[in-house]
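Geometric and topological summary
Listed here are the chains, written in short residue letters.
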Amino acid sequence: MQYAVSILLSGISLGGQYALIAIGYTMVYGILRLINFAHGDVFMVAGLMMVYLSASLPLMASLPLMLLLTVLLGFVIERAAYKPLRSAPRMSVMISAIGVSYLLQNLATYITGGLPQMYPSLPFLSESVTILGAPTKWVTVVTPVLVILLVLALTQLINRTKVGMAMRAVAKDFETSQLMGIKINSVISVTFIIGSFLAAVGSMLYFTNYPSIVPLSGALPGLRAFVAAVFGGIGSIPGAVIGAFLIGICESVIKGSDWSVFSDAFTFALLIVILVVKPTGLFGEKATDKV
Amino acid sequence: MLQQKSKKGAFLALVCVAALLALVVALENTLDPTKNILLFTSLKKGAVYALVAVSMNLLNGFTGLFSLGQAGFMLLGAYTYAILTIPVESRESVYYLYGGSAVKFSLPDLFGGADTVPGLVLGVLIALILAGCVAAAVAWLIGLPVLRLKSDYLAIATLGFGEIIRAIFQWDKLGPVTNGANALKNFPTFSSFNITNADGQVVFRLSTFVAFLIAAVCIALIVLLINSSYGRAFKAIREDEIAAEAMGVNLAKHKRLAFCVSSFFAGVGGGMFAMFANQAQAKTFTTAMTYEILLIVVIGGIGSVSGSAIAAFLYVAASEWWLRFLDAEMWVFGIKVPFLRTGFRMVVFSIIIMIVVLFFRQGLMGSRELPDLFRRRPRKSPRKAGEHNG
């Protein structure tokens, strides 16, 4: 019982962290039809920034600064690497994203010297707590709550504000919304800013559970979060969140069994099955091909 | 008229490749290999990457199927090659964790052992072909569901497939076959092809030549395929699937063919990679490797075979050799040059790649081939023209 609770708890917390990354994927895909391969690396860079900032600044200063810098990074990546390719074929943009991911990983290797960096232990989040007899960290409890709050705020933003309406319009039809006077570039920038902000929050929660960060730490969580986004129906935010929780729990259960080598393989097998059986995912919109 | 021209072209290409191979043999036997170790490493790795990049280009550039499973197929090829060629007597030591191998034979041993010429040549050749066949067979199976997907979904599904393959090959239960997460080694490598005298001293070096020869033959086969009616059907699918279908191109059949052929050569390339690296280990065939090959294809020009081949050598030489000075500290006039330390090479390198991707979108060659550069005199010099297109 205690074991089951602890596995379930860690699955839910992992799922929440994936959800925060998956939202970034799904929003960018919804608007640009681009798989932002660099998103997982932005997540990793956010973690590294926290390591370096907290070494010299108090937590109250380093945490907001980390969020701000990550947002800035997301903004700069979009402006430098994706905006010049707006009219290029989709494959070029995807390749550019892969290039950015490669660059961020190499940059991180250069700055850290390839050594694993200790993640600072955050007050409160890293402290232990016992739930139903299963010892865990506070972060496990905080994550789902925080995720739900952030997602509610995000849906409000998208459904109630002007910029949210612009986002929905751009996601529906890129060119027509441009003709209607929507400033496409600023809408896309806002999308990347939101995505990077959520990834930064996610990285804080995720890396608290792990002792250290290496330059490749972002790649796998990024891919899993992407699978979650596809699972839920890419372009749909509630879908991404539900998909992420399911994948987090599945991963946690498999990691706790004898089949732990296959945790990633299972995630990707799930992806392939979903893509073949229901390519639009759980909540995705059905795309119609125009000839 | 056209027939004659293409015959002449084919003859010229053959002469050029033969000259290149002769040059490689000459280089290898005149230069001191210990002093020029980086040159020969780059050449061998470049040949392997050239083959894999061309095989990926066949899929991504010529058929328009954006697949990211290349590393997975290379892994299949590398393991098939290694498992089939490790000499029987060294199996005990390679598989020491699992008490010997489940595969009790070795192809070179069947033909008289890896020390004899027929054993080595036939054994390696058959093992490489089988490596390709295994990759192609798996590709056929994977292709049944996956090839129905469109563009980015196909990319993600094949990426996921690569990860699954890697997990399966690292599984403990398959240890007697795959050696679990440990490396397979002691199989014949490129260096085994160096001719030695009775004392074990090398008298004639052929290791780089063999790498080039296999890569050249495989790339020639791919070029023949691209220039056949199948190749034209592939290009039709790339340009417009619906129009191609209306013209009577069987989409499913041709996509499957392109996927299997591409995987076959990726498998052969994987076997060659194992020969180059002297070992086969699942953890080397990561997604990062697929990305590397994809970037080579992009740098060379999507849809250009010679572009991919040239870019492979440039890429490998730049990352392994030319930019190496960036990793060491340097002093100029008593002042330490800033930024230079381990890892800086890869940063500079990835910035160069980003510049190519963003500003020279056509890559080196665009969709043209090497002979096109000499054929007609365009207004500008041919190299410049390619850069302006981007």
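With that out of the way, let us pick up the overall build of chain A. In terms of helices and strands, chain A carries eleven helices and four strands. Projecting the C-alpha coordinates of chain A onto the three principal axes gives extents of approximately 60 × 45 × 35 Å. Long-range pairs, those at least 24 residues apart, make up 74% of the contacts in chain A with a sequence separation of at least 6. When the accessible surface of chain A is summed, it comes to about 12,600 Å², and 70% of that surface belongs to carbon and sulfur atoms. Across chain A, 16 positive and 10 negative side-chain charges occur, with their mean positions spaced 10 Å apart.

For chain B, the helix and strand inventory stands at 17 helices and six strands. Relative to its length of 390 residues, chain B is compact, with a C-alpha radius of gyration of 22 Å against a globular reference of 21 Å. Counting only C-alpha atoms and orienting by the principal axes, one finds that chain B spans roughly 65 × 60 × 45 Å. Burial status across chain B gives 52% buried among its 390 residues.

All names here are of chain B. This structure, assessed with the given rule, holds nine salt bridges over all chains. Of the charged contacts in the structure, one is a salt bridge between Glu 163 and Arg 166, with a shortest N-O distance of 2.8 Å. With Glu 163 and Arg 166 both in helix α7 (residues 151-169) and three residues apart, the pair spans about one turn of that helix. Arg 166 shares its class with Glu 163; the two are buried. The partner of Glu 239 in a salt bridge is Arg 238, and the shortest N-O contact between them spans 3.1 Å.

A separate point is the interface of chain B and chain A. Facing 47 residues of chain B, the contacting portion of chain A comprises 42 residues. Of the roughly 3,800 Å² buried at the junction of chain B and chain A (both faces included), carbon and sulfur atoms supply 78%. If you sort the residues of chain B by the area they bury against chain A, Asp 152, Tyr 153 and Ile 156 of chain B come out on top, with a joint share of 16%. Linking chain B with chain A are zero salt bridges. Scanning the region where chain B abuts chain A turns up three residue pairs in polar contact (both at pLDDT 80 or more). With 13 residues, α7 of chain B is the largest single contributor of residues to the side of chain B that touches chain A.

Helix length check: α7 of chain B (19 residues) gives 28 Å between terminal C-alpha atoms against 27 Å at 1.5 Å per residue, within 8%. A large share of α7 of chain B lies buried, amounting to 16 of its 19 residues.

Bringing the packing of helix α4 (residues 90-112) of chain A against helix α15 (residues 344-359) of chain B into the picture now. Working note: a packed helix pair is described by the angle between its axes plus the distance between those axes. Contact geometry of α4 of chain A with α15 of chain B gives a least axis separation of 8 Å together with a crossing angle of 165°. Taken together, the axes of α4 of chain A and α15 of chain B are roughly antiparallel relative to one another. For the pair α4 of chain A and α15 of chain B, the sense of crossing is left-handed. Contact residues: α4 of chain A offers Ser 92, Ile 95, Ser 96, Gly 99, Val 100, Tyr 102, Leu 103, Asn 106, Leu 107 and Tyr 110 of chain A, while α15 of chain B offers Phe 344, Met 346, Val 347, Phe 349, Ser 350, Ile 351, Ile 353, Met 354, Val 357 and Leu 358 of chain B. Per-class residue counts for the contact of α4 of chain A with α15 of chain B are 15 nonpolar, five polar and no charged.

On the surface, Leu 57, Leu 65, Leu 68, Leu 69, Leu 72 and Val 76 of chain A cluster together to form a nonpolar patch covering roughly 480 Å² of accessible area. By the element assignment, Leu 57 of chain A lies in the loop between α2 (39-56) and α3 (59-82).

Take unusual backbone geometry next. Backbone geometry places Arg 33 of chain A, a non-glycine residue, at a positive phi of 55°. Structurally, Arg 33 of chain A is set in the loop between α1 (2-32) and α2. A positive phi angle, near 75°, is found at Asn 186 of chain B, a position not held by glycine. With respect to the secondary-structure elements, Asn 186 of chain B resides in the loop between β1 (184-185) and β2 (195-196). Owing to a relative accessible area of 42%, Asn 186 of chain B belongs among the partly exposed residues under this scheme.

Residue and element names in this part refer to chain A. The end-to-end C-alpha distance of helix α5 (residues 138-160) is 33 Å, a good match for the 33 Å that 23 residues give at a rise of 1.5 Å each. Residues of α5 that are buried: Val 139, Thr 140, Thr 143, Pro 144, Val 147, Val 151, Leu 154 and Ile 158. At its buried positions, α5 is contacted by α1, β3 (134-137), α6 (162-172), α8 (184-208) and α10 (237-255).

So, on to the packing of aromatic side chains. Residues and elements named next belong to chain A. For the structure shown, the criterion picks out 24 aromatic pairs over all chains. A ring pair is formed by Tyr 25 and Phe 226, whose centres lie 5.3 Å apart and whose planes are at 75°; its orientation type is edge-to-face. With Tyr 25 in helix α1 and Phe 226 in helix α9 (residues 219-232), the pair connects residues that are 201 residues apart, well separated along the chain. Of the two residues examined, Tyr 25 and Phe 226, each falls in the buried class.

Attention now moves to the environment of Ala 81 of chain A. With respect to the helices, strands and loops of the structure, Ala 81 of chain A is situated in helix α3. Beyond its immediate stretch of four places on either side in the chain, Ala 81 of chain A contacts Val 76, Ser 96 and Val 100 of chain A together with Met 354 and Leu 358 of chain B.

A few words now on the pairing of strand β2 (residues 128-131) of chain A. Residues and elements named next belong to chain A. One ladder, built from four bridges, connects β2 with β3; its direction is antiparallel. Directly across from Ser 128, in β3, lies its bridge partner Lys 137. If you look at the hairpin formed by β2 and β3, you'll find two residues sitting between the two strands, and Leu 132 has a positive phi there, around 50°.

This next bit is on the environment of Ala 71 of chain B. All names here are of chain B. Relative to the assigned elements, Ala 71 resides in helix α3 (residues 70-85). When the C-alpha atoms of Ala 71 and Leu 370 are compared, they prove to be 27 Å apart, with 299 residues separating the residues in sequence. Not counting residues within four places of it along the chain, the set of residues in contact with Ala 71 comprises Phe 285, Thr 286, Met 289 and Thr 290.

To continue, consider the nonpolar core. Core analysis: the biggest nonpolar cluster contains 209 residues, and Phe 37 and Tyr 82 of chain A together with Leu 184 of chain B have the highest contact counts within it. Counting residues per element, this core draws most heavily on helix α2 (residues 37-62) of chain B, at 15 residues. In terms of nonpolar packing, the next biggest core, distinct from the first, is built from five residues, Ala 233, Ala 244, Val 249 and Leu 251 of chain B among them.

Looking at where Asn 179 of chain B falls in the secondary structure, it is placed in the loop between α8 (175-178) and β1. If we ignore the near neighbours within four places in the chain, the residues touching Asn 179 of chain B are Val 94, Tyr 95, Tyr 98, Leu 174 and Leu 184 of chain B.

All names here are of chain B. Per-residue pLDDT for chain B has a mean of 85; in total, 94% of the residues score no lower than 70. This model gives residues 380-390 a pLDDT under 50, and the stretch forms 13 contacts once residues within four places in sequence are excluded. Reported confidences for the modelled complex are a pTM of 0.87 and an ipTM of 0.83.

Contact pair helix α11 (residues 263-277) of chain A / α7 of chain B: the axes reach a minimum separation of 8 Å and the direction vectors enclose 145°. Two packed elements cross with a definite hand, and for α11 of chain A against α7 of chain B that hand is left-handed. Listed contacts from α7 of chain B to Ala 265, Phe 268, Ala 269, Leu 271, Ile 272 and Leu 275 of chain A of α11 of chain A are Tyr 153, Ile 156, Ala 157, Gly 160, Phe 161, Glu 163, Ile 164 and Ala 167 of chain B. Partitioning the contact of α11 of chain A with α7 of chain B into residue classes produces twelve nonpolar, one polar and one charged.

Mapped onto the elements, Thr 140 of chain A comes out in helix α5. From its side chain, Thr 140 of chain A meets the backbone oxygen of Lys 137 of chain A in a polar contact 3.0 Å long.

How each quantity is defined
Residues numbered from 1 in each chain as written. Chains lettered and ligands numbered in written order. Predicted model: local features only at pLDDT ≥ 70, side-chain atom pairs only at ≥ 80, totals over all residues. Heavy atoms only, no water. Helix = DSSP H or I, 4+ residues; strand = E, 2+ residues; numbered from the N terminus. Contact = heavy atoms within 4.5 Å. Areas by Shrake-Rupley, 256 points an atom, 1.4 Å probe, with all protein chains shown as cover. Lys, Arg positive; Asp, Glu negative; His and termini not counted. Charge placed at Lys NZ, Arg CZ, Asp CG, Glu CD. Rg over C-alpha atoms; globule rule 2.2 N^0.38 Å. Buried < 20%, exposed > 50% of the residue type's maximum accessible area, 1.4 Å probe, protein only. Salt bridge = Lys/Arg side-chain N within 4 Å of Asp/Glu carboxyl O. Buried area = accessible area lost by both parts, 1.4 Å probe. Polar contact = N/O pair within 3.5 Å; in protein donor to acceptor, adjacent residues only side chain to side chain. Expected span 1.5 Å × (residues − 1). Axes fitted to C-alpha atoms, helices over the stretch in contact; angles between N-to-C directions. Parallel < 35°, antiparallel > 145°, perpendicular 65-115°, else oblique. Left-handed = near helix turned anticlockwise from the far one by under 90°. Nonpolar A, V, L, I, M, F, W, Y, C, P; charged D, E, K, R; others polar. Patch = residues over 30% accessible without salt bridge, like charges linked within 9 Å, V, L, I, M, F, W, Y side chains within 5 Å. Phe/Tyr/Trp six-rings, centres within 6.5 Å; stacked < 30°, edge-to-face > 60°. Pairing = 2+ DSSP bridges. Core = buried A, V, L, I, M, F, W, Y, C linked by side-chain atoms within 4.5 Å. pLDDT = per-residue confidence, 0-100.

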